[in-house]
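Next come the chains, spelled out residue by residue.
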Amino acid sequence: MKRKLLVVLIALAIVPITLSAAPFFQVGPLVSYNRTVVEMQETMEGAEAWNINNFSFGADIRINPFKYLSIDIPATIGFGNHSSVSIALIPTVNVNIPITGFFDLAIGVGPQFDFQYVGDNHDWTMNGLPMDNAGDAFAQSKLAYRAGATFNLSFLSVGLNVILPCKASFSEGGWDVMNPMWESTRVSAVALFNFG
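Residues numbered from 1 in each chain as written. Predicted model: local features only at pLDDT ≥ 70, side-chain atom pairs only at ≥ 80, totals over all residues. Heavy atoms only, no water.

Caption draft 1: Layout of the side chain of S141. Mapped onto the secondary structure, S141 falls in the loop between α3 (134-139) and β9 (142-153). When its relative accessible area of 0% is taken as the criterion, S141 is described as buried. One polar contact links S141 to N127, side chain to side chain, over a distance of 2.8 Å. What S141 contacts, discounting residues up to four positions off in sequence, is P111, Q112, F113, M126, N127, S169 and F170. (Helix = DSSP H or I, 4+ residues; strand = E, 2+ residues; numbered from the N terminus. Buried < 20%, exposed > 50% of the residue type's maximum accessible area, 1.4 Å probe, protein only. Polar contact = N/O pair within 3.5 Å; in protein donor to acceptor, adjacent residues only side chain to side chain. Contact = heavy atoms within 4.5 Å.)

Here it is, written out as structure tokens:
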């Protein structure tokens with residue numbers, strides 16, 4: 001009887017541990033809705049809301065070195081005329097807030113980078129400036145706030161993210177560097193495979 005009780009207790013202890021154990025490395029596909037919250041209110045009533053052009057696709061990488069800290073690197077890619085390619089990258093450092101054994105919230109901040117390759121020019125730019133001028137290109141970046149809700153289900157995690165860009169770039173300075181543009185809030189969904 002004692003052995004059966006011990007086995008049951010061990011099994012009950014293992015289940016929450018496997019659900020709540022934060023994986024060290026996560027990677028998976030990401031879908032971002034390109035319309036802002038203001039535009040969503042205007043278009044959600046019609047078929048235009050679900051037009052494929054309203055979505056960006058990419059990947060999300062998360063590293064969780066500590067229980068309450070994560071690094072999130074979502075990237076989306078787009079293609080345009082004349083063999084042009086655009087990549088949006090928003091790496092953030094986040095504070096993780098575990099709500100239950102398998103659900104957590106994350107709040108973070110990081111710079112927003114926009115890379116573009118225009119086939120006609122055969123050149124990459126960062127935030128609209130040539131890559132060989134990396135210092136000024138970085139200064140053109142804006143801060144972005146991130147809030148995410150994630151369900152961690154053993155080998156797979158699914159989540160929703162909200163990205164909130166700030167009003168001014170680093171080069172412009174002032175308080176607007178940290179002042180959010182609420183009307184430009186965007187949402188994305190992610191499915192992550194867990195490792196470690």
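So, next bit.
Caption draft 2: Representation of the pattern of salt bridges in the model. Throughout the structure, instances matching the rule amount to three salt bridges. Close ionic contact of D72 with R146 constitutes a salt bridge, the shortest N to O distance being 3.2 Å. Of this pair, D72 sits in strand β3 (residues 69-79) while R146 is found in strand β9, placing the two residues 74 residues apart along the sequence. We note that D72, like R146, is buried. Linked by salt bridges that have partners in common, D60, R62, D72 and R146 make up one network. (Salt bridge = Lys/Arg side-chain N within 4 Å of Asp/Glu carboxyl O.)

Caption draft 3: Representation of the pairing of strand β6 (residues 103-118) within the structure. Judged from the five bridges that link them, strand β4 (residues 85-89) and β6 form a sheet pairing that is antiparallel. The residue bridging I87 from the neighbouring strand is F115, located in β6. As paired strands, strand β5 (residues 92-98) and β6 are joined by six bridges and run antiparallel to one another. Across the sheet, the residue bridging to N94 is G108, located in β6. Here β6 runs beside β9; their pairing, made up of 10 bridges, is antiparallel. (Pairing = 2+ DSSP bridges.)

Caption draft 4: Quick peek at unusual backbone geometry. Positive phi outside glycine occurs at N127, with the angle close to 55°. Within the fold, N127 resides in the loop between β7 (123-126) and β8 (129-130). The class of N127 is buried, set by a relative accessible area of 16%.

Caption draft 5: Representation of the layout of surface pockets in the model. Here the largest pocket defines a volume of roughly 590 Å³. In terms of lining residues, the largest pocket is bounded by 27 residues, among which S32, N34, S56, T76 and A88 are the most central. Among the elements of the structure, β1 (25-33), β2 (55-66), β3, β4, β6, β10 (156-169) and β11 (186-195) are those that each provide at least two residues to the lining of the largest pocket. When grouped by side-chain class, the residues that make up the lining of the largest pocket number 13 nonpolar, 10 polar and four charged. (1 Å grid on protein atoms, 1.4 Å probe; cavity = no way out; pocket = protein on both sides within 12 Å on 5 of 7 lines; lining within 4 Å. Points joined across faces, edges and corners; volume = space filled by probe spheres on them. Nonpolar A, V, L, I, M, F, W, Y, C, P; charged D, E, K, R; others polar.)

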